[in-house]
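Chain residues, written in single-letter form:
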Amino acid sequence: MAHPKRKISKSRRDKRRTHYKAIAPTLSYCPNCGELKLSHRACPSCGYYAGKSMFVPES
Ligand SMILES: [Zn+2]
């Protein structure tokens, strides 16, 4: 199998990682209750997703 010839130095490894960035989560407002929620996730406050109830939140 293909194999690296040399160890990548800490410097090179860390330089590569300078491009890694933390990404802010995409937030949107729930069309059912208006709370801020994560996109493509059921709303944690009302349990709705795509106009349907996925779960009934506790309390
Ligand atoms: Zn909601």
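In what follows, the structure referred to is the one given above.
Residues numbered from 1 in each chain as written. Predicted model: local features only at pLDDT ≥ 70, side-chain atom pairs only at ≥ 80, totals over all residues. Heavy atoms only, no water.

Trainee: Please give an account of the overall build of the chain that cites residues and values.
Mentor: Per the secondary structure count, the chain includes one helix and four strands. Counting from the amino terminus, the chain carries its helices and strands in the arrangement α-β-β-β-β. Taken over the C-alpha trace, the chain has a radius of gyration of 21 Å; the compact-globule value for 59 residues is 10 Å, which it surpasses by more than 25%. Summarising its shape, the C-alpha atoms of the chain cover approximately 55 × 25 × 20 Å along the three principal directions. Within the chain, the fraction of its 59 residues that count as buried is 8%. A sequence separation of at least 24 residues applies to 0% of the contacts in the chain between residues at least 6 apart. Roughly 5800 Å² of accessible area belongs to the chain as shown, and the carbon and sulfur atoms make up 56% of that amount. (Helix = DSSP H or I, 4+ residues; strand = E, 2+ residues; numbered from the N terminus. Rg over C-alpha atoms; globule rule 2.2 N^0.38 Å. Buried < 20%, exposed > 50% of the residue type's maximum accessible area, 1.4 Å probe, protein only. Contact = heavy atoms within 4.5 Å. Areas by Shrake-Rupley, 256 points an atom, 1.4 Å probe, with all protein chains shown as cover.)

Trainee: So what about a positive patch on the surface? Which residues, and what values?
Mentor: Taken together, the side chains of Arg 12, Lys 15, Arg 16 and Arg 17 present a region of like positive charge at the surface. Tracing the chain through its elements places Arg 16 in helix 1 (residues 10-16). On the basis of relative accessibility, which here comes to 41%, the residue Arg 16 falls in the partly exposed class. (Patch = residues over 30% accessible without salt bridge, like charges linked within 9 Å, V, L, I, M, F, W, Y side chains within 5 Å. Salt bridge = Lys/Arg side-chain N within 4 Å of Asp/Glu carboxyl O. Lys, Arg positive; Asp, Glu negative; His and termini not counted. Charge placed at Lys NZ, Arg CZ, Asp CG, Glu CD.)

Trainee: Pulling in residues and values, what's your account of the pattern of salt bridges?
Mentor: Per the stated rule, a full pass over the model turns up one salt bridge. The partner of Arg 13 in a salt bridge is Asp 14, with the nearest N and O atoms 2.9 Å apart.

Trainee: Residue-level account of the coordination of the zinc ion, with values.
Mentor: Reference geometry at the metal: tetrahedral coordination by four donors gives ideal angles of 109.5 degrees; octahedral coordination by six donors gives 90 or 180 degrees. For the zinc ion, the full set of protein donor atoms is Cys 30 (SG), Cys 33 (SG), Cys 43 (SG) and Cys 46 (SG), at a range of 2.2 to 2.3 Å. Bound by four donor atoms, the zinc ion shows angles of 106 to 116° at the metal and therefore tetrahedral coordination geometry. The motif formed by the donor residues of the zinc ion, counted along the single chain, is C-x2-C-x9-C-x2-C. Separated by ten residues along the polypeptide, Cys 33 in the loop between strand 1 (27-29) and strand 2 (36-38) and Cys 43 in the loop between strand 2 and strand 3 (48-49) bring together distant segments of the chain. With relative accessibility at 39%, the residue Cys 33 sits in the partly exposed group. (Donors = N, O, S within 2.8 Å, 3.2 Å for Na, K, Ca; no water. Tetrahedral: all angles 85-135°; square planar, octahedral: opposite > 155°, others 65-115°.)

On their own, these measurements won't tell you what the molecule is for.
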